[in-house]
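# Geometric and topological summary
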Amino acid sequence: MYVPFENLPGESRVWIYQSNRKFSDEEFAEIETALQSFLENWAAHGTILESSYQLRYNRFIILAVNQEVQAATGCSIDSSVEFIQSLEKKYQVDLLDKMNVTFKLGEHIAHKPLIDFKKMVKDKAVTENTVVFNNLVNNIEEFNESWEVLAVDSWHSRFF
C-alpha cells in the first residue's frame, strides 16, 4: 500500500538505487507510474507492505517500508529487486551496481566507478568537502540526516 514518503516513520527501512545515467523527465514520469503500481501490490507473506518512494535528481530511486506495520521479507525484497531489474532492462541503465559513486560537482551530479573516484581523490579532483551520496543508509531518519553528506563524514572518507 502506497503512502506518502513523509508519512512513514523515521525507522522505516530504505533501499537506494542510483542510475549510471540521468533519466529524462519523461522516463522519470513513467518510472513514477510504475512505482505507484508496484507499491500498491507489494506484499510480504500475503500482507501488503506500507511503502513509499522518492525520486531524486532524475537519478535516484528510493524505496521505503514501514517495518512497524509489516517487515519486508526475503521474498518481498526479491520482488522489489526484480522490479528494479525490469527498470534496468527497459531503460538500459544500471541501478544495482554498488561499486559506483555518485557525488556533486557544483550543481552537477557525477557518477563514477569506484576506481575512477579513487583516482579523482588522488588527483585532488574531489576532496573531503565534496558532497557524496551515502547509499548505505538504512532508514528514513538516516536518509534525511546522512544521505547527502561531505565525503569526510561518510564511508568515502577512507579514500582521503
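Below, the structure is looked at part by part. Along every chain, residues carry numbers that run from 1 in the direction the sequence is written. At least 70 in pLDDT is required for a residue's local features to be given in this predicted model, at least 80 for side-chain atom pairs to be given and counted, and no such filter applies to totals for whole chains, interfaces and linings, which use all residues. With hydrogens and water excluded, all non-hydrogen atoms of the structure serve as input to the side-chain values.

Let us now look at the overall build of the protein. Of regular secondary structure, the protein possesses 4 helices and 9 strands. Only runs of H or I of at least four residues qualify as helices and only runs of E of at least two qualify as strands under DSSP, and these elements are numbered from the N terminus. Along the chain direction, N to C, the helices and strands of the protein fall in the order β-α-β-β-β-β-α-β-β-α-β-α-β. Throughout, radius of gyration means the C-alpha value; the globule benchmark is 2.2 Å times the number of residues raised to the power 0.38. Taken over the C-alpha trace, the protein has a radius of gyration of 16 Å; the compact-globule value for 160 residues is 15 Å, and the two agree within 12%. In terms of overall dimensions, the protein has C-alpha extents of about 50 × 30 × 25 Å along its principal axes. Counting every position in the protein, which comprises 160 residues, the buried fraction comes to 46%. Note on contacts: a residue pair is in contact if any heavy atoms of the two residues lie within 4.5 Å. Taking the contacts inside the protein whose residues are at least 6 apart along the sequence as the reference set, 64% of them involve residues at least 24 apart. Here the open area of atoms and residues is found with the Shrake-Rupley method and a 1.4 Å probe, where only the protein chains shown may cover a residue. Taken as a whole, the protein presents about 8400 Å² of accessible surface, with 49% of it coming from carbon and sulfur. Taking the 15 positively charged and 24 negatively charged side chains of the protein as two groups, their mean positions are separated by 11 Å. Between buried and exposed lies partly exposed: a residue is buried under 20% and exposed over 50% of the maximum accessible area for its type, with that area taken using a 1.4 Å probe on protein chains only. Only four residue types enter the charge count: Lys and Arg as positive, Asp and Glu as negative, with His and the chain ends excluded. Charged side chains are reduced to one point each, which is NZ for Lys, CZ for Arg, CG for Asp and CD for Glu.

With 23 residues, the main nonpolar core has Trp 15, Ile 31, Ile 61, Leu 63, Leu 87 and Leu 95 as its most contacted residues. At the level of elements, β1 (13-18), α1 (25-41), β5 (60-65) and α2 (74-91) are the ones that each hand at least two residues to this core. Among buried residues, the Ala, Val, Leu, Ile, Met, Phe, Trp, Tyr and Cys ones that are joined through side-chain atoms within 4.5 Å form a nonpolar core. Membership of the second largest hydrophobic core comes to 14 residues, among which are Ile 16, Ile 109, Ile 140 and Trp 147.

This next bit is on the packing of aromatic side chains. Put simply, two rings from Phe, Tyr or Trp (the six-membered ring, in Trp's case) pair if the centres are within 6.5 Å, and we call them stacked under 30 degrees between planes, edge-to-face over 60, tilted for the rest. Counted according to the given criterion, the structure contains 17 aromatic pairs. Ring plane angle 15° and centroid distance 4.6 Å describe the contact between Phe 38 and Phe 83, whose orientation is recorded as stacked. Here Phe 38 is found in helix α1, whereas its partner Phe 83 is found in helix α2, with 45 residues between them in sequence. The pair Phe 38 / Phe 83 is uniform in exposure class, with both members buried. One aromatic cluster is present, formed by Phe 5, Tyr 57, Phe 60, Phe 133, Phe 143 and Trp 147 through successive ring pairs.

Turning next to the side chain of Ser 52. Here Ser 52 is to be found in strand β4 (residues 51-56). What qualifies as a polar contact is a pair of N or O atoms within 3.5 Å, subject to a donor-acceptor requirement within protein and to the restriction that residues adjacent in sequence count only when both atoms come from side chains. At a separation of 3.0 Å, a polar atom in the side chain of Ser 52 contacts the main-chain amide nitrogen of Phe 5. Once residues within four sequence positions are removed from consideration, Ser 52 is found in contact with Tyr 2, Val 3, Pro 4, Phe 5, Leu 8, Leu 39, Ile 62, Leu 63 and Ala 64.

Take the residue count of a helix, subtract one, and multiply by 1.5 Å to get its expected span. With 17 residues, α1 extends 25 Å between its outermost C-alpha atoms, agreeing within 8% with the 24 Å of an ideal straight helix rising 1.5 Å per residue. Within α1 the residues assigned to the buried category are Glu 27, Phe 28, Ile 31, Leu 35, Phe 38 and Leu 39. Angular distribution of buried residues about the axis of α1 spans 95°; they occupy a single face of the element. Residues of α1 that are exposed and point over 90 degrees away from its buried face: Glu 26, Thr 33 and Asn 41. On the buried face of α1, the contacting elements are β4, β5 and α2. Taking the helix axis as origin, the arc is that swept by the directions to the C-beta atoms.

Remark: α1 packs on α2, axes separated minimally by 12 Å, with the N-to-C direction vectors making an angle of 155°. What the angle tells us is that α1 and α2 run roughly antiparallel. As for how α1 packs across α2, the hand of that crossing is right-handed. Residue-level contacts link Glu 27, Glu 30, Ile 31, Ala 34, Leu 35 and Phe 38 of α1 to Ser 79, Ser 80, Phe 83, Leu 87, Lys 90 and Tyr 91 of α2. Working convention: axes come from line fits to C-alpha atoms, limited for helices to the stretch in contact. Angles between N-to-C directions cover 0 to 180 degrees. Orientation is classified from the angle alone, with under 35 degrees giving roughly parallel, over 145 giving roughly antiparallel, 65 to 115 giving roughly perpendicular, and any other angle giving oblique. Working rule for handedness: look at the near helix, and if it is turned counterclockwise from the far one by less than a right angle, call the crossing left-handed; if clockwise, right-handed.

Here we take up a negative patch on the surface. What goes into a patch is any residue over 30% in relative accessible area without a salt bridge, connected to like charges within 9 Å or, for nonpolar side chains (Val, Leu, Ile, Met, Phe, Trp, Tyr), within 5 Å. For this document, the term salt bridge refers to a Lys or Arg side-chain nitrogen within 4 Å of an Asp or Glu carboxyl oxygen. On the surface, Glu 11, Glu 68, Glu 141 and Glu 145 cluster together into a negatively charged patch. Its place among the elements puts Glu 141 in helix α4 (residues 140-146). On the accessibility criterion, Glu 141 (41% relative accessible area) is partly exposed.

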